[in-house]
Amino acid sequence: MINKYLLLLPLFSLAAVAHAEPNLQDGMWEITSKMEIPGMPAAAMKPMKMTQCLTKKDAVPAPHGNDKNNACKITSTKVVGNSVTWAMQCRGKEGDSDSVGNITYSGNSFTGVTKMNTSMKGQGSMEMTQHMSGKRIGDCK
C-alpha cells in the first residue's frame, strides 16, 4: 500500500510545480510606472510607459534604465499564487542599485511595487519607490 503512494508522490510534485505560475497571459504588455522619491514633489515625477514581452516563465518587468550602461540581473524570484516577488541588482558606469519588487497578476493586468536603493557616483544614495500597473496589449513580436 505504501509503495502505491510512493509511486504517486512524483505526480503530486509535478502538479505543484505546474501551478507555480502566476495568472498572466503571455504577450506584449504596456507597463505604466510612477516613481516616488522622498523629498521630491509628486507632481515632478510623471508616469512613464514602456512595452515589454512578459511570459509565465519571465514575469518580471525590466527596469527602465536597463540599457548598455547598466548590467541588471535578477538575484532571486518567488511565485506564490498570482504574485511574483524578486530581488535585482544593477551595476553600471553611473552607479549601482539594489531593488526588491512584487507584482500581482490578474490574467491580462497587474499591479505592483518596487523599492530601490540607488547610489549614483558623486551624488550619494537615495531610496525610491516605483508603483507599476500593466495591461496585455497583444502578442509578442
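Refer to the structure printed above.
Residues numbered from 1 in each chain as written. Predicted model: local features only at pLDDT ≥ 70, side-chain atom pairs only at ≥ 80, totals over all residues. Heavy atoms only, no water.

> For this particular structure, what's the right way to read the pairing of strand 6 (residues 109-120)?
Within a regular beta strand, the side chains point alternately toward one face of the sheet and then the other, so they alternate between its two faces. Bridge count for strand 5 (residues 95-105) against strand 6 is 11 bridges, and the pairing is antiparallel. Bridge pairing links serine 97 to threonine 118 in strand 6. Joining the antiparallel neighbours strand 5 and strand 6 is a turn of three residues, in which glycine 107 adopts a positive phi near 75°. Strand direction decides the pairing type here: strand 6 and strand 7 (residues 124-138), joined by 12 bridges, are antiparallel. Across the sheet, residue asparagine 117 finds its bridge partner in strand 7, namely glutamate 127. (Pairing = 2+ DSSP bridges. Helix = DSSP H or I, 4+ residues; strand = E, 2+ residues; numbered from the N terminus.)

> Could you clarify how one ought to interpret the state of the cysteines in this entry?
Two cysteines joined by a covalent bond between their sulfur atoms form a disulfide. One pass over the structure, following the stated rule, counts two disulfides. Across the disulfide, cysteine 53 is cross-linked to cysteine 140 (sulfur-sulfur distance 1.8 Å). Looking down the S-S bond of the cysteine 53 and cysteine 140 bridge, the torsion is 90°, so its handedness is right-handed. Of this pair, cysteine 53 sits in strand 2 (residues 48-54) while cysteine 140 sits in the segment after strand 7, and the two are 87 residues apart along the sequence. (Disulfide = S-S within 2.5 Å.)

> Hey, could you run me through the side chain of glutamine 52 in this one?
In this fold, glutamine 52 is placed in strand 2. The contact partners of glutamine 52, leaving out residues within four places of it in the chain, are Gly27, Met28, Trp29, Ile31, Val60, Pro61 and Ala62. (Contact = heavy atoms within 4.5 Å.)

> Help me understand the pattern of salt bridges in this model?
Side chains carrying opposite charge are able to pair once their charged atoms draw close together. Across all of its chains, the model carries five salt bridges by this definition. Put simply, glutamate 30 and lysine 135 hold a salt bridge, and the shortest N to O gap is 3.8 Å. Here lysine 135 lies in strand 7 and glutamate 30 lies in strand 1 (residues 27-36), a separation of 105 residues in the sequence. Among the ionic pairs, arginine 91 bridges to aspartate 98, the shortest N-O distance being 3.0 Å. You can call arginine 91 partly exposed: its relative accessible area is 33%. Accessibility expressed as a relative area gives 36% for aspartate 98, which makes it partly exposed. Residues joined in a network through salt bridges with shared partners are Glu30, Lys49 and Lys135. (Salt bridge = Lys/Arg side-chain N within 4 Å of Asp/Glu carboxyl O. Buried < 20%, exposed > 50% of the residue type's maximum accessible area, 1.4 Å probe, protein only.)

> Looking at this structure, I do not really get the environment of lysine 141. What am I missing?
Relative to the helices and strands, lysine 141 is located in the segment after strand 7. On the basis of relative accessible area, lysine 141 is assigned to the exposed category, the value being 93%. Sequence separation between lysine 141 and cysteine 53 is 88 residues; the distance between their C-alpha atoms is 8.0 Å.

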